[in-house]
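Here is how the chains run, residue by residue.
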Amino acid sequence: MSTKNLLVELFVEELPPKALKKLGESFSSAMADSLKAQGLAGAQSVVTSFASPRRLAVHLGEVVAKAADKPVAQKLMPVSVGLDANGQPTQALLKRLAGLGLGADAVAALRREGEGKAESLIYDAVLPGATLTDGLQKALEETLAKLPIPKVMSYQLTDGWSSVNFVRPAHRLVALHGAEVVPVAVLGLQAGRETLGHRFEAAQAVVAIREADSYESQMESEGAVIPGFAKRRAEIVRQLQAAAVQVGGGVQPIEDEALLDEVTGLVERPNVLLCAFEEQFLEVPQECLILTMKANQKYFPLLDASGKLTNRFLVVSNIRPDDASAVTGGNERVVRPRLADAKFFFDQDRKHRLEGRVPKLGNVVYHNKLGTQMQRIERLISLAGGIARALNADMAAAEHAALLAKADLVTEMVGEFPELQGIMGRYYALHDGEEPAVADAIEDHYKPRFAGDSLPRNPVGLCVALADKLDTLVGMYGIGAVPTGDKDPFALRRHALGVLRILIETPLSVGLDELLHLAASEFEEGVLSKTVEADLYGFMLDRLRGMLRERGYAADEIEAVASQNPVRIDLVLPRIEAVRAFRALPEAAALAAANKRIQNILKKAEAVGDAVQPALLQEAAERELFGVVQTLAPQVEAKLAQQDYTATLSALAAVRSAVDAFFDNVMVNADDLQVRANRLALLNQLGGLMNCVADISKLAA
């Protein structure tokens, strides 16, 4: 069956730029999936996605005009229900056939499948393949229904009566199979071959697409539009780099993938231009200037080779005039008041000491069940001090940093740019003459803010960061504000991962149970649920499992450690690495299986001690195992004390032959109750040695 390539384009008013990339990907993938499911396109058909501010389009290779007919076998009902004792059709069967548009004469053509009570009547038929017109109509409707639209709007059609719902008003629909228009309709639009190019720079207002394969080239040459999102993005990156080279001195545009995606969603014909602002604004912390240029104007600031902000920035324009001075001048005029505002906020904020702002936090509600930010600060001071004491860090510095940690929330700058909380606190603390460790801690106590973010740079920051995250976790979990499904409004998963990363990567030798208890004890009686510490520990243990999976550890390796409910999180990685090294030993599989057997035996026993009486050891195999255990125990304890977990588990290899001989020759559940109890005690001692690092029975198949 001959095939042709297919193009579908929906021309709309300006789409939300932050959502454009996802909208384009969803439009093309959903269209392709639907057409492939209907047999109109093959599994190997190449899908090309297009998305610009005013269009969503897809090019799909090797599409047929009509799908192949498809044989189907439909189970109707059991034979005992469909046929009576004389083999005649029952009313139930006739009714079912009528529903398929068939009469009683179709009964003879039914076949039987199965045996006995499971024997059923089967109707074999051939379903005609879908035509491209019908299949594409279905695909369009399904695709538009599935689009991840951030906010739907309702608008009237040109008839003045009808209204439709879509992300933005749609004005044209192109559907071409090769060079032929596919007569489909959606959103009140009939498909054709005409679309619109660039709003200002197209060679001609209307672009008539000749065939599916000429779409991209025609849009670029006649419409002055780069329709492909990825291609347009790559062109912006190329121009940004070229402009930076033109400036010289090793400057580079700031790297921001989200900003790049958003700007790609704003322009159809990118043109990068170099602009500048007055150097006096560089007196303001560069984070403020960078944020206002990126967030408000979508500019790309230029940084010098050392990462310091310059007074140059790049604008991605949507037009390419012969003389760009009006465009650059306009953007420079627009950014100047923004930078002046930032400078004003910075100058005003520095007129008041950070510590003097702390009382104002009493007027800021943190949570209606957990009090104000001032009450939270009081908890953080005590908690940070307690953590510092446990870690032998500077208690006074940790408590002072906790006092100042949230003070910048009531500054003008953070009020305008909440993203700068912590960052501005550090600048203002240094301006006030605070110790650098305290100033750094004010910024760092929010870290890590996202996956891959750095950790606090000093012990004071670590104490305040732990206090901040633990207070949030215990407080929110304790009042029942727990994550559900993909909803996590208080970012408790992120806070939990932050605590775990700090404990693991620093590492810090303090128990998670101790930290949770310290945090919970800061709240007033009756505020938190009574089980908050245990509940939160389980929540964090699940996050730990996920973190370890992402680091490439196998599920059974993780469970060998996690099933023992570790509280020293800093020792988890050494333990799991030891488990990984142990499983590579030739004795590992047999010992894991033996350990599993030992645990099952001990679980079934009513009472198990750990004191073995040598006089009751009757069999040579149990005496041999007892001797090996006695020899091995001090070696294991010594290596365990040194936290050499790999050597600890490796030492267990020596017990393999004695364990095998024991289970081959010794009956654990002997008739003599004293002998039985003695053998259980021996297995209990052995199990304790085998599980001192991790539960190696989890490695058993």
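Residues numbered from 1 in each chain as written. Predicted model: local features only at pLDDT ≥ 70, side-chain atom pairs only at ≥ 80, totals over all residues. Heavy atoms only, no water.

K.L.:
How should the overall build of the protein be read in this particular structure?
P.N.:
On a plain count of helices and strands, the protein comes out with 26 helices and 20 strands. Since a compact globule built from 701 residues should have a radius of gyration of about 27 Å, the 35 Å found for the protein marks it as more spread out than a globular shape. Considered along the principal axes of its C-alpha atoms, the protein spans approximately 100 × 100 × 50 Å. Burial status across the protein gives 50% buried among its 701 residues. (Helix = DSSP H or I, 4+ residues; strand = E, 2+ residues; numbered from the N terminus. Rg over C-alpha atoms; globule rule 2.2 N^0.38 Å. Buried < 20%, exposed > 50% of the residue type's maximum accessible area, 1.4 Å probe, protein only.)

K.L.:
So what exactly am I meant to see when it comes to the environment of Gln218 here?
P.N.:
With respect to the helices and strands, the residue Gln218 is situated in helix 5 (residues 215-221). With a relative accessible area of 1%, Gln218 lands in the buried category. With 293 residues separating them in the primary sequence, Gln218 and Gly511 have C-alpha atoms 65 Å apart. Filtering out sequence-adjacent residues up to four positions away, Gln218 remains in contact with Val207, Ala208, Ile209, Arg210 and Gly223. Reaching out from Gln218, the side chain makes a polar contact with the side chain of Ser214 at a distance of 2.6 Å. (Contact = heavy atoms within 4.5 Å. Polar contact = N/O pair within 3.5 Å; in protein donor to acceptor, adjacent residues only side chain to side chain.)

K.L.:
Any chance you could explain the sheet that holds strand 1 (residues 4-12) here in plain terms?
P.N.:
Across a sheet, strands are paired by hydrogen bonds formed along the backbone, either parallel or antiparallel in direction. Pairing in this open sheet of 5 strands is antiparallel, and the strands run 2-3-1-9-10 from one edge to the other. In this open sheet, the two edge strands, each paired with only one partner strand, are strand 2 (47-52) and strand 10 (180-181). Direction of pairing for strand 1 relative to strand 3 (residues 55-63): antiparallel, over a ladder of 7 bridges. When the bridges of strand 3 are listed, Leu10 appears paired with Leu56. (Pairing = 2+ DSSP bridges.)

K.L.:
Help me out: how do you make sense of the sheet that holds strand 5 (residues 111-113) in this one?
P.N.:
On the basis of which strands lie adjacent, the open sheet formed by 3 strands has the order 4-6-5 and antiparallel pairing. Strand pairing shows two members of the sheet lacking a second neighbour, strand 4 (70-78) and strand 5, which therefore form its edges. Direction aside, neighbouring strands of the sheet carry axes that sit 40 degrees apart on average. In the sheet, strand 4 pairs with strand 6 (residues 120-127) via 8 bridges, with the strands oriented antiparallel. Bridging from a neighbouring strand, Lys70 pairs with Leu127 of strand 6. Set on the sheet, helix 3 (residues 91-99) makes contact with strand 4 and strand 6; between it and strand 4 the angle comes to about 155 degrees. (Axes fitted to C-alpha atoms, helices over the stretch in contact; angles between N-to-C directions.)

K.L.:
What am I meant to see in unusual backbone geometry here?
P.N.:
Peptide bonds are mostly trans, and most non-glycine residues show a negative phi. Between Lys447 and the following residue, Pro448, the backbone shows a cis peptide bond with an omega angle of -10 degrees. By the element assignment, Pro448 lies in the loop between helix 15 (436-444) and helix 16 (459-478). Residue Pro507 follows Thr506 across a cis peptide bond; omega there is -25 degrees. Mapped onto the fold, Pro507 is located in the loop between helix 17 (492-505) and helix 18 (512-520). A positive phi angle, near 60 degrees, is found at Asn392, a position not held by glycine.

K.L.:
What is the right way to look at the side chain of Lys469 in this model?
P.N.:
The residue Lys469 is located in helix 16 in this model. Salt bridges are absent for the buried Lys469, whose nearest opposite-charge side chain, Asp468, sits at 4.8 Å. (Lys, Arg positive; Asp, Glu negative; His and termini not counted. Salt bridge = Lys/Arg side-chain N within 4 Å of Asp/Glu carboxyl O.)

K.L.:
Just checking my understanding: could you explain the pattern of salt bridges for this structure?
P.N.:
Should the charged atoms of two oppositely charged side chains come close, the side chains can pair. This model, assessed by the stated rule, comprises 47 salt bridges. With a closest N to O distance of 3.1 Å, Asp347 and Lys343 form a salt bridge. One end of the pair, Asp347, and the other, Lys343, are both in helix 9 (residues 325-349), 4 residues apart, so they sit about a helical turn from each other. Exposure remark for Asp347: the relative accessible area of 27% places this residue in the partly exposed category. When the shortest N-O distance is used, the salt bridge between Asp570 and Arg568 registers 2.8 Å. Under the relative-accessibility criterion, Asp570 is labelled buried at 10%. Taken together, the salt bridges that share partners define one network made up of Arg426, Asp440, Glu443, Asp444, Lys447 and Arg457.

K.L.:
Just checking my understanding: could you explain the packing of helix 17 against helix 19 (residues 532-550) for this structure?
P.N.:
Helix-helix packing: each pair is described by the crossing angle between the helix axes and the interaxial distance. Between helix 17 and helix 19, the shortest axis-to-axis distance is 10 Å and the interhelical angle comes to 70 degrees. The angle between helix 17 and helix 19 places the two elements in the roughly perpendicular class. Relative to helix 19, the crossing made by helix 17 is right-handed. Residue-level inspection shows Leu492, Arg493, Ala496, Leu497, Val499, Leu500, Arg501 and Ile504 of helix 17 in contact with helix 19, the latter providing Phe539, Met540, Arg543, Leu544 and Met547. Taken together, the residues that form the contact of helix 17 with helix 19 break down as 10 nonpolar, no polar and 3 charged. (Parallel < 35°, antiparallel > 145°, perpendicular 65-115°, else oblique. Left-handed = near helix turned anticlockwise from the far one by under 90°. Nonpolar A, V, L, I, M, F, W, Y, C, P; charged D, E, K, R; others polar.)

K.L.:
How do you make sense of the pairing of strand 6 when you look at a structure like this?
P.N.:
The side chains of a regular strand alternate between both faces of the sheet. Sheet topology note: the strand 5/strand 6 ladder contains 3 bridges and is antiparallel. Each residue of the ladder has a partner; that of Arg111, found in strand 6, is Ile122. What sits between the antiparallel neighbours strand 5 and strand 6 is a turn of 6 residues, in which Gly114 has the positive phi angle 100 degrees.

K.L.:
Just checking my understanding: could you explain the pairing of strand 18 (residues 309-317) for this structure?
P.N.:
Taken across its 9 residues, strand 18 has 8 buried, putting it largely inside the fold. By the bridge criterion, 6 bridges tie strand 16 (residues 271-276) to strand 18 in an arrangement that is antiparallel. Paired with Ala276 across the bridge in strand 18 is Arg312. Two strands pair when backbone bridges link them, and strand 17 (residues 300-303) and strand 18 are joined in this way by 3 bridges, in the antiparallel orientation. Bridge assignment links Phe300 to a residue of strand 18, and that residue is Leu314. Linking strand 17 back to strand 18 in an antiparallel pair, the connection comprises 5 residues, with Gly307 at a positive phi of about 90 degrees.

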